[in-house]
Amino acid sequence: MITVDQVRALAVTLPRTSEHLIRDRVKFRVGSIVYVAFSRDETVMGFAFPKEERAALVASEPGKFRLPGESDLRFNWVEAWTAALDEPEMSELVVEAWRMVVPKKVAAARLGS
């Protein structure tokens, strides 16, 4: 199980990230683009993810991942149950979501080529 505090500890190390509390939901973003957000009760973590790959991700582990609500299907977004994630998996998902929203040179400077 992962927590908001674990995500926060990672997110603050990612360049250009800022944390916001919007309608009682913790969100991490770069500029105006949200790349990770939690449900109010912090049981679900939504994150940026390529649209063309999300059906396969959800199908691979439906007990862990789900598609967002209908109004959010237009976005590059997937949701995961926080209780089903471990820290290494969360780290990979958060960093990849962040990489989707920053310029390539910023990601390369942080992560290497």
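Residues numbered from 1 in each chain as written. Predicted model: local features only at pLDDT ≥ 70, side-chain atom pairs only at ≥ 80, totals over all residues. Heavy atoms only, no water.

- An unreviewed UniProt entry lists the protein chain under the name MmcQ/YjbR family DNA-binding protein, with Actinomadura verrucosospora given as the organism.

### Brief notes about the pattern of salt bridges
Two side chains carrying opposite charge are able to pair once their charged atoms lie near each other.
Item 1. Following the criterion strictly, the structure yields six salt bridges and no others.
Item 2. Across the pair Arg8 and Asp5 runs a salt bridge whose closest N-O atoms are separated by 2.5 Å. Residue Arg8 and its partner Asp5 are located together in helix α1 (residues 4-11), separated by three residues, close to a single helical turn.
Item 3. Judged by relative accessible area, which is 52%, Asp5 ranks as exposed.
Item 4. For Arg99, the salt bridge goes to Glu96, with nearest N and O atoms at 2.7 Å. With a gap of three residues between them, Arg99 and Glu96 both fall in helix α3 (residues 87-101), about one helical turn apart.
Item 5. Arg99 gets classed as partly exposed once you look at its relative accessible area, which sits at 37%.
Item 6. Residue class for Glu96 comes out partly exposed when judged on its relative accessible area of 35%. (Salt bridge = Lys/Arg side-chain N within 4 Å of Asp/Glu carboxyl O. Helix = DSSP H or I, 4+ residues; strand = E, 2+ residues; numbered from the N terminus. Buried < 20%, exposed > 50% of the residue type's maximum accessible area, 1.4 Å probe, protein only.)

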